Amino acid sequence: MPERNPGSAPDPSTRPAKVWETGETLDESRVPGTRRLWLAGALLVAVLASTITAVVVLDDDPDTSAKEKTKNTTSSANEPLIPSQPPATAPSGKSGLAAPESSKAVTDGSTSPEAQQQGGTESKPVPRPSKSKSKSADKPPASKPASSKKSVQAVNYPDRYWRLDRDSVRLDQVGSHSSSWTRAEATFKVVPGIADSSCVSFSLGNNRYLRHYDFRLRADRHNGSELFKQDATFCPRASSFSGAVMLESYNYRGRFLRHRNFQVRLESPDHSQLYRADSAFRLVKGLG
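How each quantity is defined
Residues numbered from 1 in each chain as written. Predicted model: local features only at pLDDT ≥ 70, side-chain atom pairs only at ≥ 80, totals over all residues. Heavy atoms only, no water. Helix = DSSP H or I, 4+ residues; strand = E, 2+ residues; numbered from the N terminus. Buried < 20%, exposed > 50% of the residue type's maximum accessible area, 1.4 Å probe, protein only. Contact = heavy atoms within 4.5 Å. Phe/Tyr/Trp six-rings, centres within 6.5 Å; stacked < 30°, edge-to-face > 60°. Polar contact = N/O pair within 3.5 Å; in protein donor to acceptor, adjacent residues only side chain to side chain. Pairing = 2+ DSSP bridges.

**Here we look at the overall build of the protein chain**
Argument step 1. A tally of helices and strands in the protein chain yields seven helices and twelve strands.
Argument step 2. Here the protein chain holds 288 residues, and 24% of them are scored as buried.
Argument step 3. Long-range contacts, defined here as pairs at least 24 residues apart, represent 46% of the contacts in the protein chain between residues at least 6 apart.

Okay, here's the thing in structure tokens:
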């Protein structure tokens, strides 16, 4: 080994490193946690690399881009289109002016909704019941004798009839032995009701009719008022007696003409057998 020269300068490489600011010897041992920091950094780099790779792959996927392009370009084309309705044609008939029924028609149940939308089948109009038939079905028997001369006979007093005594109507005995004047006073012209044609009115000629006034049946001249029309209109209803009717007031529903003390009045029913008999009348051939 060579001898060290005592007079020569010391070798700086053999001296421990010092921090020049503080003069302390630098500790060259490993810093605690250095390996953990390196592992965490490596893991972060790996995660970033895998993320970037996935993004690049997705951007380059032809299927995904094709789907997105198809979705963007065909979304408006897939919306359903309602075809324009064909012009409505006038129904067949002599005038051809009736309103078409196409908007209110009902299609056959065998036709699918798609075929209905595309106009594949013709719609069938709903049949409408005739108003005249439905109105006539609601009328009771003998409710509207068409403008004929009649006499009104009491059911429980078959030898007595309505008879005009001055201006009041009574139930009097009238027969073949009676004078022609008396028989004429017991005869009335039955016409459609002047307030409701489904009911009846009793005309005396010269614009005079039977009406109820103060709940008594009497003869008055038609003054053109709505009150008179209603007072002079009576609606025939079914009776429990064969061939007879009950005459209900048009404007006092629930009140019927009946005879009491041989005077014809308008009264409410009391559900007695006497009331049912007194309010039942038969319209027979005119006596006069």
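After that view of the structure, there is still more to cover.
**Looking at the packing of aromatic side chains**
Argument step 1. Counted under the stated rule, the structure contains eight aromatic pairs.
Argument step 2. Seen from their ring centres, Trp 162 and Phe 188 are 6.4 Å apart, and the 70° between their planes marks the pair as edge-to-face. Taken as a pair, Trp 162 in strand 2 (residues 160-165) and Phe 188 in strand 4 (residues 188-192) lie far apart in primary sequence, 26 residues in all.
Argument step 3. Ring centres of Trp 162 and Phe 281 lie 5.5 Å apart, and the angle between their planes is 70°; this geometry places the pair in the edge-to-face category.

**Some thoughts on the side chain of His 259**
Argument step 1. Residue placement: His 259 occurs in strand 10 (residues 256-260).
Argument step 2. A distance of 3.0 Å separates the side chain of His 259 from the side chain of Asn 156, its partner in a polar contact.
Argument step 3. At 3.3 Å, the side chain of His 259 forms a polar contact with the side chain of Asp 278.
Argument step 4. Setting aside its immediate chain neighbours within four residues, His 259 contacts Ala 154, Asn 156, Tyr 157, Leu 171, Val 264, Asp 278 and Phe 281.

**A look at the side chain of His 212**
Argument step 1. In this fold, His 212 is placed in strand 6 (residues 208-213).
Argument step 2. Side-chain polar atoms of His 212 contact the side chain of Ser 249, separated by 3.4 Å.
Argument step 3. Those residues in contact with His 212 that lie beyond four places of it in its chain are Leu 217, Asp 231, Phe 234, Ser 249, Asn 251, Tyr 252 and Leu 266.

**Details of the pairing of strand 8 (residues 234-238)**
Argument step 1. Pairing of strand 8 with strand 9 (residues 245-249) involves five bridges; the strand directions are antiparallel. Each bridged residue has a counterpart across the sheet, and for Phe 234 the counterpart in strand 9 is Ser 249.
Argument step 2. Remark: six residues form the turn of the hairpin made by strand 8 and strand 9, two consecutive strands paired antiparallel; Gly 243 in that turn has positive phi of roughly 75°.

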